[in-house]
Amino acid sequence: MRFHNCLFILICFQMVFAQAQTPWKPDPKLAKQLNDSRYLRHIMKEDSTDAGLTRWYGKKVLKSRELPMAEDFQSLRHTGPGTIQVDHEITISGKGSVRLDTPASLGKKNPTNRNYATPEIIRPLNHEDLREYNRFSVWVYVDAPGVYLTFCGFTLYNEGVKVMPTPGRFEGQHFETVYPNKWQRIVWEIPDLYRDRVTGFSVNIMLAGAPAGASERMSLYVDDMRIEQVEAENTRGFNLRKDAIAYSHSGYKPGARKQALVQHVKDTSFKLYNEETGAIAYEGKGTSRKDGFVLLDFSDLETPGRYTIAIDDIVSKPFAIGPSAYLATAWRTLNFFYSERCGYDQPGIHQECHQDVFCVHPDGRTISAAGGWHDAADLTQGVGNTAEGGIAMLELASAVKGKDTVLYERLLEEARWGLNWTMRTRFGDGYRQGGLIIGIWTKNIRGDKDDMQSEARNTPSDNLIAASYCALAIPHFEEKDPVFARWCRNCAIEDFRFAMELLDTQRTDNNEAELSALATVTAMRLYRLTHDAQYLEQAARLARTVMACQQLERRKDWSIPLHGFFYESTSKKRILAYYHQSKEHLLMEGLAMLLTDAPNHADAAQWKTACQAYADYLHDIAGKMEPYGLLPSAVYEVNNTDYSHLYHEGDQVGLPSLEEYNAQVRNGIPLGKDFYLRRFPVAYQFRGFHAVTMGKAKAAFILARLLKDEELKHIATRQLEYIVGFNPFAMSTIYGDGYDYPPLYGAYAGNVVGAVPVGIETFENDDEPYFPMQNNCTYKEIWTHTTARVLWLVAELFQL
């Protein structure tokens, strides 16, 4: 025990010493979080004073109507497992609560591996017009011995102009993490939901199973349900939240374009104050824009420090200028990955998990699938998101190496957790654990009802992303652990070979550009690792396919003569567009690597032309979403879509109609001849577009370095600023990072500091931002895919 105490003291000393050697000084809140978590040996806790929910709780209620529960018990309806009754002992109102007693699981596992059921208490209403109310409020309490957290849902039922909840679209339902053994107030603003003939409100609880040591029974208490009228948050459109400043809550790096945005102010003069001294550090006059917007530019301020902006009677919260900008975001997003560890005893979230989940090879061999990181708000596991998360950590590690030893070592530690899983879940012949949907906790006993298994698969995309991950890791581990580095090397070389053996057989008209781009990047990573010319030539060959998918000539028949964008394949049937995940950066990354490493290659001039054309595309579309500077998503063509590979959730949910697709397309910016530039993606069930934004931002950063294009660097940085506060809602969308951050759809992980949601979405067929208080998948769902991309962009900023 003395040895472990001494070791901990030594580690702490090294951390303090290392931080003293770096110009990146944590702000007081981050410093406390790092100290309390022992630099992510425990999960971080958020500072709730900065949360949007804290402000929402304090709103003035203009009108309120109680929806009796215990007093009107006979009118209530109950669906699903369990029973309901009135309870007078556990009550927040003093009038009694309604208690739902339910099993934590059912006798048989759901074939989809999702939760067992969602028992529900419904408070009926008689087709009432409730449009004068815009907020639902209720108190809930959960008794669930042996679990750290539960997940409760709240539903608005309407049978008027439109049915709520909307089938298959996740509208009309709100979810929040509920922690056992304490009363928790839920507030849900509903200004955009149809409520002209309301038939009821309900509360439910997700039955996610009982992990080892947990009770097989649980109880949900519901009390003090009411509907209210408040001054609602802005949820739709480009207008800025009232009396708010849009700016980067993560701060501004040296040399960055430093801007903020206000709307409808009387005086455009503004000041920046030094938080430590209170002195005025900068004075300026904003530039008026359309619709009452005023752009504040303080790019000249380079003195490191923490500052606030003041204009009229509006004052911002503090933010950093200098090398420490984005340091908190880096640590907090890393905390998210640590919190999402699978197969790990994570106090506050879950016990060691999923030791009874296996991957089965066609020949009968099996591998445990536990490990790596859970992929999102559920417990799903897959090599794609695990490898992408690890790659992001390694890229940030490269950026901070020699500058911040503590952060560097902690990034490598977390990246190794994912590497171990990625290499351990391969069979060595091309087959590996690709992915498996998991939506329940298991008891870790093989042979009981909650066992799960997936079929191993041999696909080029899985093996390519795994090979990229391993290849990128080797330089970081060669000296400190040559045995581990050798394992990474062998896996990288073998997995790339397996992928190339099947690449041509699995390219389609839908994936040719993306798959070829991924293969190009992976080949170049192996070339940089081995210096073997065969990988360079493979990359050059693959790059020819990528370039053959590009529109090089300007479309002079369009109102905006764009070029440089890509099609899905060399057939050029359909322009490449993303709506959920995004790999758009890969199209430039491989070409940029080739041009950097082989500038005298016979194809170098073509690589340069392709890169410059895509840079032109980004420049040409960059001014189309002012004053926020967000890059539009893609060009779409009327009547040109393919739903055959579209994934959707729910047995009763069909594919979207062509009419819906065309309606969304036509709400974009007209280009001519049935082509439109959509500000936001055409989307259906899965909405939320941070990944699309960050895919373009990553490509812009890559080209900014390659082409020495300063404006592209500013464009790229603005896409990240949009996610951390420079948006119409004036909120950081990253949980626990920045200010006014909203609750997210955390489900099995809960409220995790550093979680990045799928992102701001659109309403129905509109083409403008929509980010309701409603907390639902997929737009509010926490996700490794988007959190990894924030890490990527932060890595780019730390390279500057």
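Computed from a predicted model, the values in this text were never measured in an experiment.

### What about the nonpolar core?
Of all hydrophobic cores here, the largest spans 212 residues; its most connected members are Phe 201, Trp 331 and Trp 607. Element by element, the count of residues in this core is highest for helix H9 (residues 512-530), at eleven residues. When sequence neighbours within four positions are dropped, the list of residues in contact with Phe 201 reads Leu 67, Ile 121, Ile 122, Arg 123, Leu 125, Leu 130, Phe 136, Thr 155, Leu 156, Met 225 and Ile 227. Counting residues in each nonpolar core, the second largest holds 20 residues, with Ala 260, Leu 272, Val 294 and Tyr 307 among its members.

### So, the packing of helix H4 (residues 327-339) against helix H6 (residues 405-424)
The description of two helices packed together rests on the angle between their axes and the distance between the axes. Where H4 contacts H6, the axes come no closer than 11 Å and their chain directions differ by 25 degrees. With respect to each other, H4 and H6 are oriented roughly parallel. Both H4 and H6 take part in a crossing whose hand is left-handed. Across from Leu 327, Ala 330, Trp 331, Leu 334, Phe 337 and Tyr 338 in H4, the residues of H6 making contact are Val 406, Leu 407, Arg 410, Leu 411 and Glu 414. Classifying every residue of the contact of H4 with H6 gives nine nonpolar, no polar and two charged.

### What about the sheet that holds strand E13 (residues 259-263)?
Sheets are built from strands that pair by backbone hydrogen bonding, the pairs being arranged parallel or antiparallel. Spatially, E13-E17-E16 is the arrangement adopted by the three strands of the open sheet, whose pairing is antiparallel. Of all the strands in the sheet, just E13 and strand E16 (287-288) have a single pairing partner and so form its edges. Pairing analysis gives two bridges linking E16 to strand E17 (residues 293-297), with the strands arranged antiparallel. When the sheet's bridge partners are listed, Thr 287 is paired in E17 with Leu 295.

### Re the packing of helix H10 (residues 533-548) against helix H12 (residues 604-621)
It is at 11 Å that the axes of H10 and H12 come closest, and there the two elements cross at 40 degrees. Overall, the two elements H10 and H12 adopt an arrangement that is oblique. As H10 runs across H12, the sense of the crossing is left-handed. Residues Ala 540, Ala 543 and Met 547 of H10 form the contact with H12, whose own contacting residues are Gln 606, Trp 607 and Ala 610.

### Focus on the packing of aromatic side chains
What describes a pair of aromatic rings is the distance from one ring centre to the other and the angle between the planes of the rings. Per the counting criterion, the structure on display carries 35 aromatic pairs. Look at Tyr 252 and Phe 319: their rings are 5.6 Å apart centre to centre, the planes differ by 75 degrees, and that puts the pair in the edge-to-face class. You can see Tyr 252 sitting in the loop between strand E12 (217-229) and E13 and its partner Phe 319 sitting in strand E20 (residues 319-321), a full 67 residues away along the chain. Phe 319 carries the same exposure label as Tyr 252, and that label is buried. Among the aromatic residues, those joined into a cluster by ring pairs are Trp 558, Phe 565, Phe 566, Tyr 567, Tyr 614, Tyr 617 and Phe 675. Just above the ring of Phe 771 sits the side chain of Lys 780; from NZ or CZ to the centre is 4.9 Å.

Thresholds, definitions, all that
Residues numbered from 1 in each chain as written. Predicted model: local features only at pLDDT ≥ 70, side-chain atom pairs only at ≥ 80, totals over all residues. Heavy atoms only, no water. Core = buried A, V, L, I, M, F, W, Y, C linked by side-chain atoms within 4.5 Å. Buried < 20%, exposed > 50% of the residue type's maximum accessible area, 1.4 Å probe, protein only. Helix = DSSP H or I, 4+ residues; strand = E, 2+ residues; numbered from the N terminus. Contact = heavy atoms within 4.5 Å. Axes fitted to C-alpha atoms, helices over the stretch in contact; angles between N-to-C directions. Parallel < 35°, antiparallel > 145°, perpendicular 65-115°, else oblique. Left-handed = near helix turned anticlockwise from the far one by under 90°. Nonpolar A, V, L, I, M, F, W, Y, C, P; charged D, E, K, R; others polar. Pairing = 2+ DSSP bridges. Phe/Tyr/Trp six-rings, centres within 6.5 Å; stacked < 30°, edge-to-face > 60°. Lys NZ or Arg CZ within 6 Å of the ring centre and 35° of its normal.

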